[in-house]
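A closer look at the structure
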Amino acid sequence: MSGVPIFPTGIVKTYNSSTKFSEEFEPKNFSVKKYGGSNKWRSEKFNNVMLHKSLNGLHEWVKTCIDDYLTNELCMKYDEHFISESWLNVNLKGGSQPVHSHPNSIISGTYYVKADEGHPPLEFHRTRPSDTHPFISLSEQYTGQHPNTATSIAFPALQDTMIVWQSPLYHAHGPIQIDEQRISLSWNALVNFAPPSEKDLEDFYRSYTYRIKFVKEDT
Amino acid sequence: MSAIPIFPTGMVKLYESPILFLDTIDLAKFTYETYKGSKKLRTPKHLNILLDPAMKDIATWIKMQAKDYLDNELGLEYEEFFFSESWINISGEGGEQGIHNHSNSIISGTYYLKSLDGHPPLDFHKVKSESEPFISLTEHYKQGNPNTASKLAFPCTQDSMIVFQSQLYHGHVPNVLKEERIGLSWNALVNFKQDDKSIYRVRFVQEET
């Protein structure tokens, strides 16, 4: 293959933590509840668990990863970023996560606090624009699998690693098949962008940005 | 950068021709039309010029490259493919092509019969479809990056061909030179292997003109 793949739907990066935050994690600091229709336990909605003082070390490390992702992967100009939501998922055997994406967020990530071999990977799913016309399907016609034409791509859920992605990307994981529970801490981050530079202001289209600034909540 | 870009919208491949096909083609043998709202000349709709016997050599070469694209870039299993449409565009000064894609086609290409330094490249455009309020990042990038770009340009080098999936949006800005830019574009349909009985069937008919 020597063709050029163009316009990726998103960028996924895995970060390996040099500190084993799994060893500092104390489950008793957090309450979790089981939601209807799900086989998993989750910390309460609107409890931004990353702000808990016991997770200060992890929070600081995640912030450096967000800086790296925004600066070196997305190449963004920004003033600040903050974690707008974060939550714990505790998956017992059979627990799964259907395909979804994270609205009201710029980038997202999941840190695996407890994961074992045999736990399902995080799968990203290609989405299609809604088909408003008849379409020709190629999905069944490929001779083999290739990342450029795949409709799902899996990233391993390894303990003390974190997967970071753009929030609009659709993702999911299959049911836990083993007896050991999997604990992960997921987060969404919002970004307050840098105001347009003098150079940007000279360009009609670049200067014509509708303004947006996000408020950081205390909890 | 060490992250992994996922799910590209499409694949674009450049092919260089070993011979100058312009020398083998008599452009005057075709008629050209100007369409309303356009400053470019085009061979008539529904005249598949690659089927003309005088175009046999270039048609054979294009078909070889299309096969490479189907086999090695898309990795498709198929029984046959054929050119369903092909046409010549002649862009004089001011001639441009608005953003569009090619319906009723699987893969497409443009062979540049005549082009010069200064002629506009072929721009591919990322498309968005918003059905809900969205947060724009476009203005906040500090530098160009192919993974986040909304437009990518491929040069229209003479005696080269750009092959792409037909659904990709593309266009070119006005030609600012006095010299003409001449491209031969084509669409191809593919009849796939039909081993999997669970798939809804589709088979395309090859027209004779």
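Notes on the structure follow. These numbers were taken from a predicted model, which means no experiment stands behind them.

Within chain A, the regular secondary structure consists of four helices and 11 strands. Projected onto its principal axes, the C-alpha coordinates of chain A cover approximately 55 × 50 × 35 Å. Every one of the 219 residues in chain A was classed for burial, and the buried ones make up 44%. Sequence-distant contacts, at least 24 apart, represent 86% of the contacts inside chain A between residues at least 6 apart. Roughly 11800 Å² of accessible area belongs to chain A as shown, and the carbon and sulfur atoms make up 51% of that amount. A distance of 4 Å separates the average location of the 21 positive side-chain charges in chain A from that of its 25 negative side-chain charges.

This part takes up the overall build of chain B. Along its length, chain B carries one helix and 11 strands. Reading the helices (α) and strands (β) of chain B from amino to carboxyl end gives β-β-β-α-β-β-β-β-β-β-β-β. Relative to the globule expectation of 17 Å for 209 residues, the C-alpha radius of gyration of chain B, 18 Å, shows essentially globular dimensions. Dimensions of chain B, computed from the C-alpha atoms along their principal axes, are close to 55 × 50 × 35 Å. For chain B, the residues scored as buried account for 50% of the 209 residues in total. The long-range share in chain B, meaning contacts at least 24 apart out of those at least 6 apart in sequence, stands at 84%. Carbon and sulfur atoms make up 52% of the accessible area of chain B, which totals about 10900 Å². Of the side-chain charges in chain B, 21 are positive and 27 negative, and the distance between the mean point of each set is 3 Å.

Glancing now at the pairing of strand β1 (residues 4-16) of chain A. Here seven bridges tie β1 of chain A to strand β1 (residues 4-16) of chain B, and the two strands are oriented antiparallel to one another. Within β1 of chain B, the residue paired with V4 of chain A across the bridge is V12 of chain B. Note: β1 of chain A against strand β9 (residues 161-166) of chain A, four bridges, orientation antiparallel. Residue T14 of chain A lies in a different strand from β9 of chain A, and its bridge partner there is I163 of chain A.

A few words now on helix α2 (residues 56-73) of chain A. Residue and element names in this part refer to chain A. Between its terminal C-alpha atoms α2 stretches 25 Å, which fits the 26 Å expected from 18 residues at 1.5 Å a residue. Along α2, the positions that sit buried rather than exposed are L58, H59, W61, V62, C65, I66, Y69, L70 and E73. Trailing α2 by a residue or two, C75 shows a phi angle of about 55°, which is positive.

Turning our attention to the interface of chain B and chain A. Taken together, the contacts link 47 residues of chain B with 47 residues of chain A. In this assembly, chain B packs against chain A so that about 4300 Å² is buried in total across both faces, 66% of it on carbon and sulfur atoms. Contact with chain A buries surface across chain B, with I6, F7 and H140 of chain B losing the most and accounting together for 19% of the total. One can count zero salt bridges joining chain B with chain A. At the junction of chain B and chain A, the tally comes to 21 residue pairs in polar contact (both at pLDDT 80 or more). Those elements that provide at least two residues to the side of chain B that touches chain A are β1, α1 (56-73), β7 (122-125) and β8 (151-154) of chain B. Top element by residues in the side of chain B that touches chain A is β1 of chain B. It accounts for 10 residues.

The subject of this paragraph is the sheet that holds strand β7 (residues 122-125) of chain A. Residues and elements named next belong to chain A. Read from one edge of the open sheet, four strands run β5-β10-β7-β8, paired in antiparallel fashion. Both edges of this open sheet fall to β5 (97-100) and β8 (152-155), since each of them pairs with a single strand only. Each neighbouring strand pair of the sheet contributes to a mean axis angle of 20°, computed without reference to strand direction. Here β7 runs beside strand β10 (residues 170-173); their pairing, made up of three bridges, is antiparallel. The residue of β10 that forms the bridge with E123 is A172.

All names here are of chain A. All chains considered together, the criterion is met by two cavities of 30 Å³ or more. Of the pockets and cavities examined, the largest cavity occupies roughly 60 Å³. Together, F21, E24, F25, S54, L55, L58, Y111 and V113 line the largest cavity. Within the residue set of the lining of the largest cavity, elements represented by two or more residues are α1 (21-24) and β6 (107-114).

Residues and elements named next belong to chain A. Per the stated rule, a full pass over the model turns up 13 salt bridges over all chains. Where E73 meets K13, a salt bridge forms, and the shortest distance between an N and an O atom there is 2.9 Å. Highlighted residues: E73 in helix α2 and K13 in strand β1, separated in sequence by 60 residues. Side by side, E73 and K13 carry an identical accessibility label, which is buried. The structure contains a network of salt bridges with shared partners spanning K13, D68 and E73.

Residue and element names in this part refer to chain B. On the basis of which strands lie adjacent, the open sheet formed by four strands has the order β5-β10-β7-β8 and antiparallel pairing. Whereas interior strands pair on both sides, the edge strands pair on one side only; in this sheet they are β5 (97-100) and β8. The sheet shows a mean angle of 20° between the axes of neighbouring strands, direction not considered. In terms of strand pairing, β5 meets strand β10 (residues 169-172) through two bridges, oriented antiparallel. Opposite Q97, over in β10, you have H172 as the bridge partner.

What counts and how
- Residues numbered from 1 in each chain as written.
- Chains lettered and ligands numbered in written order.
- Predicted model: local features only at pLDDT ≥ 70, side-chain atom pairs only at ≥ 80, totals over all residues.
- Heavy atoms only, no water.
- Helix = DSSP H or I, 4+ residues; strand = E, 2+ residues; numbered from the N terminus.
- Buried < 20%, exposed > 50% of the residue type's maximum accessible area, 1.4 Å probe, protein only.
- Contact = heavy atoms within 4.5 Å.
- Areas by Shrake-Rupley, 256 points an atom, 1.4 Å probe, with all protein chains shown as cover.
- Lys, Arg positive; Asp, Glu negative; His and termini not counted.
- Charge placed at Lys NZ, Arg CZ, Asp CG, Glu CD.
- Rg over C-alpha atoms; globule rule 2.2 N^0.38 Å.
- Pairing = 2+ DSSP bridges.
- Expected span 1.5 Å × (residues − 1).
- Buried area = accessible area lost by both parts, 1.4 Å probe.
- Salt bridge = Lys/Arg side-chain N within 4 Å of Asp/Glu carboxyl O.
- Polar contact = N/O pair within 3.5 Å; in protein donor to acceptor, adjacent residues only side chain to side chain.
- Axes fitted to C-alpha atoms, helices over the stretch in contact; angles between N-to-C directions.
- 1 Å grid on protein atoms, 1.4 Å probe; cavity = no way out; pocket = protein on both sides within 12 Å on 5 of 7 lines; lining within 4 Å.
- Points joined across faces, edges and corners; volume = space filled by probe spheres on them.

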